[in-house]
Each structure stands twice: as structure tokens, then as C-alpha cells.
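Summary of structural features
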Amino acid sequence: PSLDSQGMGAVLNWKKGPFPMDLSYNEYRLRETGFESQTETTNRILEYRVRNQVGEWMQTELRYRLQDLKQDFRADSPLVDTHRRTHLRSNELELSNTIFLSADRRSSLLSFLRYYEESGSQDLKNYYWQERLLLRHTPNFSTYYLASLLRNKFESSTVDTKPRQPGHGGRAQLEKRSLPDGPFLQRIPPA
């Protein structure tokens, strides 16, 4: 039995200006040989990320990731010969935006969108959306609101997932502290 692996990659960072960005590419190859089997795997990943900050009150980030995975498996024995090829390809796109509603950044609105698509042995599409509002009213009192939606599309079906909370995929929470950094913390409803 033997194992041989190789990896290579490159990263490009651009930090100047209003849109700092990163671009990376990585490739990994693995060859594994057993007594009666052999597996060859190639995994390629391309990732791009760009950020923007508007003053001290807003941050935005966009991220894209492409992954291409190929695997070839062979097993030869006196009873049976097996040959299986797997090819998976995925695309992922995420966008997050945070707006700070106060100078101390304790109150904020976070918006998050995600799209994921995978093709190969199981075709899958995934959509996710979330809005999260945190309001810090006083040092001892804050409120939290959440709305989200998750949709999974498989080859033959679609599944929508929402939290089991009233308000069609939403959640709200109040938090009261008895002392600024004290031991007593009360949440309504309990976490």
C-alpha cells in the first residue's frame, strides 16, 4: 500500500482602495494504492472575496467559491472488478451586509444571503436568507429580532425550512441584565 499527495496553490491579495479583495486557487491530488484497489482524487478550489466598509457604519462582504472534485476508484479481485467515477462540482455565493445603528456598534442590522449549487451524484440547490436586528436600548436592556428562510431543491423535491417560531420564520428576544456585567441575565423567551 502507498499514499502519494501533491498540493499547489496561489493567492492574490489586493488591499488598496475601497474594495479590498482576495483571489485564491488551490489544487490537491491524492493517489492511494491498496492491495487490490487504487483511488485517484483531484480537488480544485477557486475562491474570491471582496469587502467594502463605508465609514464606521456599514460593512459588506461578497464571497464566491467554486469547487471541482473528481475521484476515480478501481478494485480488482479474483471475484469482482469495480470501477467507480465520482465528479462533484459546487458553486457558492454569499453576501453579508452589516449596518451599525449606533456609534458604539452595539445596535446593528445584519443581512445575509447565500446560494449554493452542487451537481454530480446528487443535484442540489440551496438558498438561505437571514435578517438579524439587534437593538441595545440601555447598557442593561436589548432586543433581538430574527427572520430567516432556507430552501433546499433536490433532483426530485423542494423543501422550505423555517424556524418553529411564531411569525413565519421569525424570532424575537428581550434581554435584561441586572448589573452592567453582573451575573443575572434574563431572556424572554428563554434561549
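Read on for a plain summary of the structure. Starting afresh in each chain, residues are numbered from 1 along the sequence in its written order. Predicted model: local features are reported for residues with pLDDT of at least 70 only, side-chain atom pairs are reported and counted for 80 or more only, and whole-chain, interface and lining totals are derived from all residues. The side-chain numbers reported here are obtained from all heavy atoms of the structure, hydrogens and water having been left aside.

This brings us to the overall build of the protein. Looking only at helices and strands, the protein has 0 helices and 11 strands in total. The helix and strand labels rest on DSSP assignments: H or I over at least four residues marks a helix, E over at least two residues marks a strand, and numbering proceeds from the N terminus. For the protein, the succession of helices and strands along the chain, N to C, is β-β-β-β-β-β-β-β-β-β-β. Taken across its 191 residues, the protein has 21% of its residues classed as buried. Throughout, a contact is declared for two residues whenever any of their heavy atoms are within 4.5 Å. Looking at the protein alone, contacts between residues at least 24 apart form 43% of all its contacts between residues at least 6 apart. Total accessible area on the protein stands at roughly 13,200 Å², and carbon and sulfur atoms take up 56% of it. For the exposure calls, accessible area comes from a 1.4 Å probe over protein chains only, and a residue counts as buried if that area is under 20% of its type's maximum, exposed if over 50%, partly exposed in between. For accessible areas, the Shrake-Rupley method is used with a probe of radius 1.4 Å. Any residue's cover is judged against the shown protein chains and nothing else.

A few words on the packing of aromatic side chains. Each aromatic ring pair is summarised here by two numbers: the centre-to-centre distance and the angle between the ring planes. Between the rings of Phe, Tyr and Trp (Trp by its six-membered ring), a pair exists once the centres lie within 6.5 Å; its type follows the angle of the planes, with under 30 degrees stacked, over 60 edge-to-face, and the other angles tilted. One pass over the full model with this rule turns up 2 aromatic pairs. Charge-over-ring placement is defined geometrically: NZ (Lys) or CZ (Arg) within 6 Å of the ring centre, and within 35 degrees of the ring normal. Directly above the ring of Phe 100 sits Arg 105, whose terminal nitrogen or CZ lies 4.2 Å from the centroid.

This next bit is on the environment of Phe 73. Within the fold, Phe 73 resides in strand E4 (residues 58-76). Each C-alpha atom, one on Phe 73 and one on Glu 40, is 6.6 Å from the other, the two residues being 33 residues apart in sequence. Sequence-distant contacts of Phe 73, that is, excluding residues within four places in its chain, are made with Ser 37, Gln 38, Thr 39, Thr 82, His 83 and Arg 84.

This next bit is on the pattern of salt bridges. Any carboxyl oxygen of Asp or Glu that lies within 4 Å of a side-chain nitrogen of Lys or Arg is treated as forming a salt bridge with it. The tally for this structure, following the rule as stated, stands at 18 salt bridges. Between Glu 47 and Arg 49 there is a salt bridge whose closest N-O contact spans 2.9 Å. Taking relative accessible area as the criterion, Glu 47 reaches 18% and is therefore assigned buried. Looking at Arg 49, the relative accessible area reads 24%, which means it is partly exposed. With its nearest N and O atoms 3.2 Å apart, the salt bridge here joins Glu 47 to Arg 63. In this pair, Glu 47 is assigned in strand E3 (residues 37-54) and Arg 63 in strand E4, connecting sequence segments 16 residues apart. Both residues of the pair, Glu 47 and Arg 63, count as buried.

When you line up the elements, Thr 42 lands in strand E3. Classification of Thr 42 as buried rests on a relative accessible area of 15%.

By themselves, these figures tell us nothing about what the structure is for.
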